[in-house]
Amino acid sequence: MHSDLFHQRFEARYTDGRTAGSRDVMVELTERGILIPQDGSAAPLIWPFGALATAEPLTDHAIDALVTYSYQPGATLFVPGPRFARALATLAPQLTASAERWRAASPWLWGAAATVAIGVFVWLAGLSPAHTIANMLPDKARTAMGRQVVKSMTDGRAVCRDDAGLKALEKLTGRLVAATHDGKAFNVVVIDWGLVNAFATPGENVVLTSGLLDAANGPDEVAGVLAHEMGHGLELHPETGLVRAMGLAAATELLMGGSGTLSNLGIVLLQLSYSRDAEGEADDHAIAILRDARISSKGFARFFERMSKTDGSAKRLGKGGLGGMLSSHPDTDERLAKVLRSGGYAATPALSEREWAALKSICRTSLPSAKAGHSE
Amino acid sequence: MQTSATGPAVHHPPRGERLDLTWLKPIGMIGLSVSNFIYRILTLGIYDFWARTEVRKRLWSAIRLNGEPLAYTGTGKELFLGFLIVFGVVLLPILIVSVAAILIFGPNSLTANLIQAAIYIAVFMLVGVAIYRAQRYRLLRTNWRGIRGNLQGSSTPYAMTYFLTLFLIPLTLGWIVPWRATKLQSMITNNVRFGSMPFAFRGNSGLLYGPYAVLWFGILVLFIVASAISGMVIGSIQGDLGPGLEPPDDVKQLYGLTILGVFALAYLFYLFMSAWYRARTINHFAQCTHFDSASFNGTATGIGLLWIDITNLAILIAGSLVVVALLSAIAALIFMIVPALVPATAMSPAEIQAYAAAMAAPVLVFIGALSFTLLLPVTQARSMGYLIDHLALEGSVDVNKIAQSTADPMATGEGLAQAFDIDAF
Ligand SMILES: [Zn+2]
């Protein structure tokens, strides 16, 4: 094979790697490798093709070749002219650019393919790494996360704390919490904000807006919304969403080398909307909680229906939280039907008329946040 | 080599030879760019370390001394391992500490901000270490006739000088720049070895202060002139109208464009002046760099550097546009094909398209973000080619006197060095 390539001779420059001096030699391609004559009576060197390296990978454009030999470090052989480079590419094909690229890339190509395959598997199997991590978070960490989120949501807004209103809210929350059979104490905060919305936040916290209280026709509607948000909390949806967002932010931060994307967790949660499955889970919890608390689910359904059909108020809902739940999901009617079907048990109003009136005016007394005092 | 026979007592006339520094324009850089780009995408970016290595091998080989190429002997694996080490030792701890600070003390709290500030300072102190070590790594991986380069000494003095300089520049309104830049350059040059032979930096920053003053006052004058013209434009409108009257929208637009044009022109002037100062610096540093009985001579010009920069930018944009056009075509194809592939009953066509978009979006964004780097190797070859074309080694070098470096080529240059290997080539 390649017999036509052997015994060709080429003018070259050889250095021994001890000094930067070099000398002219005539090298020859042989079956055993490159033959390099030495001065005087010294035996010629033979560099086998398998142990060669070139300064740059051989390409069709090569106009010369700088060859080194792994068992003689420092020594170099520079052969001008494209003829030698062509011949070497045939005799030592591992030195060509395409071979070197493939050698370097192929393990990573398999790795990338496996990564994509695992990703698709995780997605198809409905596994959620973020949910797994959220489940492993200690309660202390979830509480700390919740405190930060509530803090950044109430930043620049007043927290409503009229005494009678707080008492009514406590009563409603207590009634719903008792029905969760979970023993987790939920903490509900109302903030003075015209937006009609409600957010479940980590560590069993729920944030309601005064806009939602204004838009609700009766305590049963608020109870339904609260039960739904508690359902998100019980399923650790806010924790999962934050873990996912933080993972993404951390990844971007690492890739971009920047810093500061993580600084506002509340904004992340405001933008977060849950998947259809998550909303379904929260609905199921809401239905069960309302039933066990003996509160009619009709209020929830009514509020749900009104909010999803009124264009004007849908705009006021914003993107995340409850807004996400009521945004254009194609199965709104289906979910509505499910909530309506769940009725048919004896129920009492979620709050008395007086308590409801007190809750509606909970923002009569509010605690302005430190920032609001300066900026607004 | 033949000198040993005559004994050490005999004095020879200077036996050096002139070394001709030339740039042999590399062929096939566009093909290499495309191939690297495809491999980078298919390996989710990891191939980048090997891609950069192959580019360096081509660029180094294009630099010729007496027709013989420099050789780059670094490997992609070294760059990759260095990245992993720095990722684990520097980036990950920084990330963990900043996230923990935010979670524990709250976003925008004083403590979290102080910790962030401390991290920033630490990173700035590491920049000098990174520059020095990256230079060392590259010199250790650079051969000519089998003889390795090296950068001796510790990176600490350089890093401290670098940090102090960054700190002092705003305090002195920039007037220490020529002095500190010369000092930093000399700290590196004086530690560079080629084999056993040292490089030497002889000179000071005095010659750079003239050009720097021109640059400094030039920027000031540019800013004042641009502002004055804008002020005159606005004044002339109000003068015609009389006080308190709003000019019509089309007049406002016209004058807005005029002001924009004035500042764009000023910016172009600024680019030219800074390129001119950069050329002066390159040429001055070249002149100060001595090697055996030779020294470098730089003939770079501001207009030349500016031309390379602007055309390189145009090349990168063109490459990005090509990729984006291809991506758009692929995205359109997905939208047309996918609804036809899925049975109509499973999901509505609109839902399927939404799903396809959600699946394809991250991939398209990933490729789109990389698109700007498609022709980066081409631009790097042009920049390096310009520099080498405008550098000459004048005088003579006794190459037989240069022995192999005794420094262990593997002992240094790994780890931190490569991940901080952040500059152009
Ligand atoms: Zn929901």
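These numbers were taken from a predicted model, which means no experiment stands behind them.

Q: How would you explain the coordination of the zinc ion if you had to name every residue and give the values?
A: Expected angles at a metal are 109.5 degrees for tetrahedral coordination by four donors and either 90 or 180 degrees for octahedral coordination by six donors. Residues and elements named next belong to chain A. Protein coordination at the zinc ion: the donors are His 228 (NE2), His 232 (NE2) and Glu 279 (OE), at 2.0 to 2.1 Å from the metal. Site description for the zinc ion: donor spacing in sequence, H-x3-H-x46-E. Taken together, the residues His 232 in helix α7 (residues 219-234) and Glu 279 in helix α10 (residues 276-292) connect sequence positions 47 residues apart. Take His 232 and Glu 279: they sit in the same class, and that class is buried.

Q: Quick rundown of the sheet that holds strand β2 (residues 63-65) of chain B? Include the residues and the values.
A: Residue and element names in this part refer to chain B. What the 10 strands build is an open sheet, ordered β1-β2-β3-β4-β5-β6-β7-β8-β9-β10; its pairing is antiparallel. Edge positions in the sheet fall to β1 (21-23) and β10 (391-396), since each has one partner strand and no second. Direction aside, the axes of adjacent strands within the sheet are offset by 30° on average. Here helix α11 (residues 376-389) sits on the sheet and contacts β1, β2 and β10; the angle it forms with β1, its principal contact strand, is near 150°.

Q: Would you mind going over the sheet that holds strand β5 (residues 52-54) of chain A in detail, with residue names and values included?
A: All names here are of chain A. Taken in spatial order, the seven strands of this open sheet run β4-β3-β2-β1-β7-β6-β5, and their pairing is antiparallel. Each edge of the open sheet carries a strand with a single partner, namely β4 (45-47) and β5. Here the strands of the sheet are splayed against their neighbours by 35° on average, with no regard to which way each runs. Looking at chain direction, strand β2 (residues 23-30) and strand β3 (residues 33-36) are connected through three bridges and run antiparallel. Its bridge partner lying in β3, Glu 28 is registered against Leu 35. Packing of helix α1 (residues 82-91) onto the sheet brings it into contact with β1 (9-15), β2, β3, β5, β6 (64-69) and β7 (76-80), and relative to β6 it is tilted by some 50°.

Q: Tell me about the packing of aromatic side chains, residues and numbers included.
A: Scanning the model with the defined rule gives 25 aromatic pairs over all chains in all. Where Trp108(A) meets Phe80(B), the ring centres are 4.9 Å apart and the plane angle is 70°; that geometry is what we call edge-to-face. With Trp108(A) in helix α2 (residues 97-124) and Phe80(B) in helix α3 (residues 76-105), the pair connects residues from two separate chains. Each residue in the set Trp108(A), Phe49(B), Trp50(B), Phe80(B) and Phe83(B) is aromatic and connected to the rest through ring pairs, giving one cluster. In this structure, Arg157(A) is placed above the aromatic ring of Trp193(A), and the distance from its NZ or CZ to the ring centre is 3.6 Å. Over the ring of Trp179(B) we find Arg180(B), and its NZ or CZ is 4.9 Å from the ring centre.

Q: Tell me what's going on with a nonpolar patch on the surface, and back it up with residues and numbers.
A: Side chains of Val116(A), Val120(A), Trp123(A), Leu124(A), Leu44(B), Met359(B) and Phe366(B) sit close together on the surface and give an oily, nonpolar patch of about 660 Å² of accessible area. Elements supplying a minimum of two residues to the nonpolar patch: α2 of chain A together with α10 (349-370) of chain B. The dominant element in the nonpolar patch, judged by the number of residues it contributes, is α2(A), at four residues. Locating Leu44(B) in the fold gives a position in the loop between α1 (29-42) and α2 (48-62). Overall, Leu44(B) belongs to the partly exposed group, its relative accessible area being 44%.

Q: Explain the interface of chain A and chain B to me, and be specific about the residues and the numbers.
A: By convention, interface size is frequently given as the accessible area that disappears when the constituent parts associate. Tallying the contact residues gives 42 residues for chain A and 49 residues for chain B. With both sides pooled, the region where chain A packs onto chain B buries about 3,900 Å², and carbon together with sulfur makes up 66% of that total. Counting across the interface, chain A meets chain B through 10 residue pairs in polar contact (both at pLDDT 80 or more). Those elements that provide at least two residues to the side of chain A that touches chain B are β1, β6, β7, α2, α4 (139-154) and α8 (237-256) of chain A. At 10 residues, the largest contribution of residues to the side of chain A that touches chain B is made by α2(A). Its residues assigned to classes, the side of chain A that touches chain B shows 21 nonpolar, 13 polar and eight charged.

Q: Which residues make up the state of the cysteines, and what are the values?
A: Residue and element names in this part refer to chain A. For the structure on display, the rule yields one disulfide over all chains. Each sulfur of the disulfide joining Cys 160 and Cys 363 lies 1.9 Å from the other. Between Cys 160 and Cys 363, the S-S torsion sits near 80°, and that sign places the bridge as right-handed. Of this pair, Cys 160 sits in strand β8 (residues 159-160) while Cys 363 sits in the loop between α15 (353-360) and β12 (366-367), placing them 203 residues apart in sequence. Cys 363 carries the same exposure label as Cys 160, and that label is buried.

Q: Residue-level account of the domain arrangement of chain B, with values.
A: All names here are of chain B. With domains assigned, chain B is organised as domain 1 (13-203 + 287-419) and domain 2 (204-286). With 28 residues of domain 1 at the interface, the matching set in domain 2 holds 20 residues. Taken together, both faces of the contact between domain 1 and domain 2 bury some 2,000 Å²; the carbon and sulfur share is 67%. Broken down residue by residue, the surface that domain 1 buries against domain 2 is led by Trp 175, Pro 178 and Leu 306, which jointly contribute 30%. Counting the contacts that link domain 1 with domain 2 gives one salt bridge. Measuring nitrogen to oxygen at the nearest pair gives 2.6 Å for the salt bridge that ties Asp 309 to Arg 278. Summed over the shared surface of domain 1 and domain 2, the result is 14 residue pairs in polar contact (both at pLDDT 80 or more). The dominant element in the side of domain 1 that touches domain 2, judged by the number of residues it contributes, is helix α6 (residues 177-189), at six residues. Grouping the constituent residues of the side of domain 1 that touches domain 2 by class yields 16 nonpolar, 11 polar and one charged.

What counts as what
- Residue numbers run consecutively from 1 along every chain, following the written order of its sequence.
- Chain letters start at A and ligand numbers start at 1, both assigned in the order the entries are written.
- Residues qualify for local features only when their pLDDT is at least 70, as the model is predicted, and side-chain atom pairs are given and counted only at 80 or more; totals for whole chains, interfaces and linings, by contrast, use all residues.
- Side-chain metrics in this entry use all non-hydrogen atoms of the structure; hydrogen atoms and water are not considered.
- Coordinating donors are taken to be N, O and S atoms lying within 2.8 Å of the metal, or within 3.2 Å when the metal is Na, K or Ca; because water is excluded from the atom set, some sites may appear incomplete.
- Numbering of helices and strands starts at the N terminus; helices are DSSP runs of H or I of at least 4 residues and strands are runs of E of at least 2.
- For every residue, the accessible area obtained with a 1.4 Å probe (protein chains only) is divided by the maximum for its type, and the residue is called buried under 20%, exposed over 50%, and partly exposed between those limits.
- Whether two strands pair comes down to DSSP finding at least two bridges between them.
- A fitted line through C-alpha atoms represents every axis, and for helices the fit uses only the stretch in contact; the resulting angles, taken between N-to-C directions, go from 0 to 180 degrees.
- We call two residues contacting when some pair of their heavy atoms lies within 4.5 Å.
- Under the pairing criterion, centres of Phe, Tyr and Trp rings, with the six-membered ring standing for Trp, must be within 6.5 Å; the plane angle then separates stacked pairs below 30 degrees from edge-to-face pairs above 60, leaving the rest tilted.
- Sitting over a ring, as applied to charges here, requires NZ of Lys or CZ of Arg to be within 6 Å of the ring centre and within 35 degrees of the ring normal.
- What makes a patch is a set of residues exposed beyond 30% relative accessible area and free of salt bridges, joined within 9 Å when like-charged and within 5 Å when nonpolar (Val, Leu, Ile, Met, Phe, Trp, Tyr).
- Surface accessibility in these figures is a Shrake-Rupley result with a 1.4 Å probe; residues are shielded only by whichever protein chains are displayed.
- Salt bridge criterion: a side-chain nitrogen from Lys or Arg within 4 Å of a carboxyl oxygen from Asp or Glu.
- When two components associate, each loses some accessible surface as probed by a 1.4 Å sphere; the sum of these losses over both components is called the buried area.
- Pairing of N or O atoms within 3.5 Å defines a polar contact, subject to two protein rules: one partner must be a possible hydrogen donor and the other a possible acceptor, and residues neighboring in sequence count only if both atoms are side-chain atoms.
- Gly is put with the polar residues, along with every residue not named as nonpolar or charged; the nonpolar set is Ala, Val, Leu, Ile, Met, Phe, Trp, Tyr, Cys and Pro, and the charged set is Asp, Glu, Lys and Arg.
- For this text, the term disulfide refers to a pair of cysteine sulfurs within 2.5 Å.
- An automatic or database domain assignment supplies the start and end points of every domain.

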